[in-house]
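Breakdown of the fold
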Amino acid sequence: ETGVTQTPRHLVMGMTNKKSLKCEQHLGHNAMYWYKQSAKKPLELMFVYSLEERVENNSVPSRFSPECPNSSHLFLHLHTLQPEDSALYLCASSQDPHPGGSNQPQHFGDGTRLSIL
Amino acid sequence: ILNVEQSPQSLHVQEGDSTNFTCSFPSSNFYALHWYRWETAKSPEALFVMTLNGDEKKKGRISATLNTKEGYSYLYIKGSQPEDSATYLCAFIGMYSGGGADGLTFGKGTHLIIQP
């Protein structure tokens, strides 16, 4: 089993739908992250959770709502998305001594390719 | 807004040749620099995490150097092989004023293609 698993791999949804992206890590890490990769843009950090508490929220619109019920699971709840939200959403985890900061490598999932109609 | 620049954007290299590319980042409030390799249809894979000025790290044919005073890092690949074809990302972490570390800010990457 891979270290970080994301489901679904692909998601197509309308602007009025509600859906959730799921991430699970099997590495015993204490920090989890959501990133967004839009076409021709660098990976953008969206949210950071350390020990199940959100430590960073990079001015992400409220139509994206993260949830971290335990140190192994991370969700991204989606509601009333816009076409510009179509992107690859990546989850990552790491073992971090400092909340939000990282001198340890991050382990990424394969991502969810999201398309908004 | 932090500026992390990678150059070149893309690079074609003959198999067997050596190559290198650059990541430049803010030289103040440095905490760490990460390098990742991202192959098509796979997830990004960590190569190095560098924290000290003058650091030099090596993993097989790939090595990296770090200059925090002038704000750059080089990634070197010796004797390129087709399996080295990927996008190479660097990511900068700065210290924020409270003394803690900030999250990763990524560059756009260098897309490397090794031609047989």
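So, here's what we can say about the structure. Computed from a prediction, not measured in an experiment: that's the story for all the values here. Here the residue numbering is sequential within each chain, running from 1 through the sequence in written order. To label them, take the chains in the order written and letter them from A, then take the ligands in the order written and number them from 1. It should be noted that, the model being predicted, local features are given only for residues of pLDDT at least 70 and side-chain atom pairs only at 80 or more, the latter also being counted only at that level, while totals for whole chains, interfaces and linings use all residues. Note that water and hydrogens are dropped before the side-chain values are worked out from all heavy atoms of the structure.

When you go through chain B residue by residue, the secondary structure sums to zero helices and eleven strands. Runs of E in the DSSP output that reach at least two residues are strands. Runs of H or I that reach at least four are helices, and both are numbered from the N terminus. For chain B, the α and β elements follow one another from N to C terminus as β-β-β-β-β-β-β-β-β-β-β. The principal-axis extents of the C-alpha atoms in chain B amount to approximately 50 × 30 × 20 Å. Sorting the 116 residues of chain B into buried and exposed places 49% on the buried side. For every residue, the accessible area obtained with a 1.4 Å probe (protein chains only) is divided by the maximum for its type, and the residue is called buried under 20%, exposed over 50%, and partly exposed between those limits.

A word on the overall build of chain A. Looking only at helices and strands, chain A features zero helices and eleven strands. Listing every helix and strand of chain A by position from the N terminus yields β-β-β-β-β-β-β-β-β-β-β. The size measure is the radius of gyration over C-alpha atoms, and the globule rule it meets is 2.2 Å times the number of residues to the 0.38 power. Since a compact globule built from 117 residues should have a radius of gyration of about 13 Å, the 13 Å found for chain A is in line with a globular shape. If you line up chain A on its principal axes, its C-alpha atoms span 40 × 30 × 30 Å. Counting over 117 residues, chain A shows a buried share of 46%. Note on contacts: a residue pair is in contact if any heavy atoms of the two residues lie within 4.5 Å. Summarising the internal contacts of chain A: among those between residues at least 6 apart in sequence, 54% fall at separations of at least 24. Here chain A has roughly 5500 Å² of accessible surface; of this, 49% comes from carbon and sulfur atoms. In this charge count, Lys and Arg are treated as positive and Asp and Glu as negative; neither His nor the chain ends contribute. Where a charge lies is defined by one atom per residue type, namely NZ (Lys), CZ (Arg), CG (Asp) and CD (Glu). One way to put it: in chain A the 10 positive side-chain charges average out to a point 11 Å from where the 11 negative ones average out. Note on areas: Shrake-Rupley with a 1.4 Å probe; residue coverage comes only from the protein chains shown.

Okay, unusual backbone geometry next. Pro8(A) follows Thr7(A) through a cis peptide bond whose omega is -10°. With respect to the element layout, Pro8(A) can be found in the loop between strand E1 (4-7) and strand E2 (10-13). Going from Ser7(B) to Pro8(B), the amide bond is cis rather than trans, its omega being -5°. Counting through the fold element by element, Pro8(B) comes out in the loop between strand E1 (5-7) and strand E2 (10-14). Positive phi, close to 60°, is recorded for Lys40(A), a residue that is not glycine. Its location among the elements puts Lys40(A) in the loop between strand E4 (31-37) and strand E5 (44-50). Using a relative accessible area of 78% as the deciding quantity, one classes Lys40(A) as exposed. For Thr80(A), which is not glycine, the phi dihedral falls at a positive 55°.

All names here are of chain A. Should DSSP find at least two bridges between two strands, the strands are regarded as paired. Strand order across the open sheet formed by four strands is E1-E3-E8-E7, with antiparallel pairing between neighbours. Looking along the sheet, the strands with just one partner apiece sit at the ends: E1 and strand E7 (64-70). Each adjacent strand pair in this sheet contributes to an overall mean axis angle of 20°, direction not counted. Taken together, the seven bridges between strand E3 (residues 18-25) and strand E8 (residues 73-79) define a ladder with antiparallel strand orientation. Across the sheet, Leu-21 pairs through a bridge with Leu-76, a residue of E8. Only C-alpha atoms enter the line fits that serve as axes; for helices the fit covers just the stretch in contact. Angles between N-to-C directions range over 0 to 180 degrees.

Before going further, it helps to examine the pattern of salt bridges. Residues and elements named next belong to chain B. Salt bridge, as used here, is a side-chain nitrogen of Lys or Arg placed within 4 Å of a carboxyl oxygen of Asp or Glu. The tally for this structure, following the rule as stated, stands at five salt bridges over all chains. The closest approach of N and O atoms between Asp-84 and Arg-61, which form a salt bridge, is 2.8 Å. A residue pair is termed long-range when its members are at least 10 positions apart, and Asp-84 in the loop between strand E8 (72-77) and strand E9 (86-94) and Arg-61 in the loop between strand E6 (56-59) and strand E7 (62-67) qualify at 23 residues.

In what follows, a disulfide is any cysteine sulfur pair within 2.5 Å. Considering all chains together, one arrives at two disulfides over all chains under this definition. Sulfur-sulfur distance for the disulfide between Cys23(A) and Cys91(A) comes to 1.9 Å. Its S-S torsion of approximately -70° makes the covalent link between Cys23(A) and Cys91(A) left-handed. Residue Cys23(A) is located in strand E3, and its partner Cys91(A) is located in strand E9 (residues 87-94); the two are separated by 68 residues in the primary sequence. No difference in accessibility class separates Cys23(A) from Cys91(A), as the two residues are buried. Put simply, Cys23(B) and Cys90(B) are joined by a disulfide, and their sulfur atoms are 2.0 Å apart. Given an S-S torsion of about 75°, the disulfide between Cys23(B) and Cys90(B) has right-handed geometry.

The next subject is the sheet that holds strand E3 (residues 19-24) of chain B. All names here are of chain B. Strand order in the open sheet made by the five strands is E1-E3-E8-E7-E6, with antiparallel pairing throughout. Each end of this open sheet is capped by a strand with a single partner; those strands are E1 and E6. Put simply, the sheet's adjacent strands are angled 15° from each other on average, direction ignored. Where E7 meets E8, six bridges bridge the pair, whose relative direction is antiparallel. Residue pairing for E8: Leu-66 is matched across the bridge by Ser-73.

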